[in-house]
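# Examining the three-dimensional arrangement
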Amino acid sequence: YMAVRDETNFLIEVKKALMIPETDTFADSEISLHIASCVSLLISIGVSEDVARSDNALVKGLILIYVKTFYGFKNDGSVKELPSNFDLLVKQLALTEGDHVS
């Protein structure tokens, strides 16, 4: 799912942000699913696929926010929402790095 970004190194980076040791692989598939979900979200709102899959610092930050919000979420009936700054940053990214149509 990561055409441009080195997915192994990025997974390690995300695991560090979640304070999961690199050697613990129990959550790798769930974390990878959250990363892919965020990339799909970015593409669906107009960010070009190349940017959504790149090492762009804003993209990486948005993916970290997304994964941290949803990783390990227990389904106890409460709704977990992305921080409000996520929407603002996504809109900024879409405006500056979206597909440019002539």
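Below you will find a few notes about this structure. (Residues numbered from 1 in each chain as written. Predicted model: local features only at pLDDT ≥ 70, side-chain atom pairs only at ≥ 80, totals over all residues. Heavy atoms only, no water.)

### Comments concerning the overall build of the protein
- Scanning the protein from terminus to terminus reveals 5 helices and 0 strands.
- In the protein, the succession of α and β elements from N to C terminus is α-α-α-α-α.
- Long-range pairs, those at least 24 residues apart, make up 66% of the contacts in the protein with a sequence separation of at least 6.
- Carbon and sulfur atoms make up 54% of the accessible area of the protein, which amounts to about 6,200 Å² in all. (Helix = DSSP H or I, 4+ residues; strand = E, 2+ residues; numbered from the N terminus. Contact = heavy atoms within 4.5 Å. Areas by Shrake-Rupley, 256 points an atom, 1.4 Å probe, with all protein chains shown as cover.)

### A short note on the pattern of salt bridges
- A full pass over the atoms with the stated rule returns 3 salt bridges.
- A salt bridge links E13 to K60; its shortest N-O distance comes to 3.4 Å. Of this pair, E13 sits in helix α1 (residues 7-17) while K60 sits in helix α4 (residues 57-70), and the two are 47 residues apart along the sequence.
- The exposure class of K60 is buried, given its relative accessible area of 19%.
- Put simply, E49 and R53 hold a salt bridge, and the shortest N to O gap is 2.9 Å.
- The class of E49 is partly exposed, set by a relative accessible area of 43%.
- Residue R53 is classed as buried on the basis of its relative accessible area of 16%. (Salt bridge = Lys/Arg side-chain N within 4 Å of Asp/Glu carboxyl O. Buried < 20%, exposed > 50% of the residue type's maximum accessible area, 1.4 Å probe, protein only.)

### Side note on the packing of α4 against helix α5 (residues 84-97)
- Where α4 meets α5, the closest approach of the two axes is 11 Å, and the angle between their N-to-C directions is 150°. In this view, α4 runs roughly antiparallel relative to α5, as classed from their interaxial angle. Here α4 runs over α5; the crossing is left-handed. The segment α4 lies against α5, with L58, V59, L62, I65 and Y66 engaging N85, F86, L89, V90 and L93. (Axes fitted to C-alpha atoms, helices over the stretch in contact; angles between N-to-C directions. Parallel < 35°, antiparallel > 145°, perpendicular 65-115°, else oblique. Left-handed = near helix turned anticlockwise from the far one by under 90°.)

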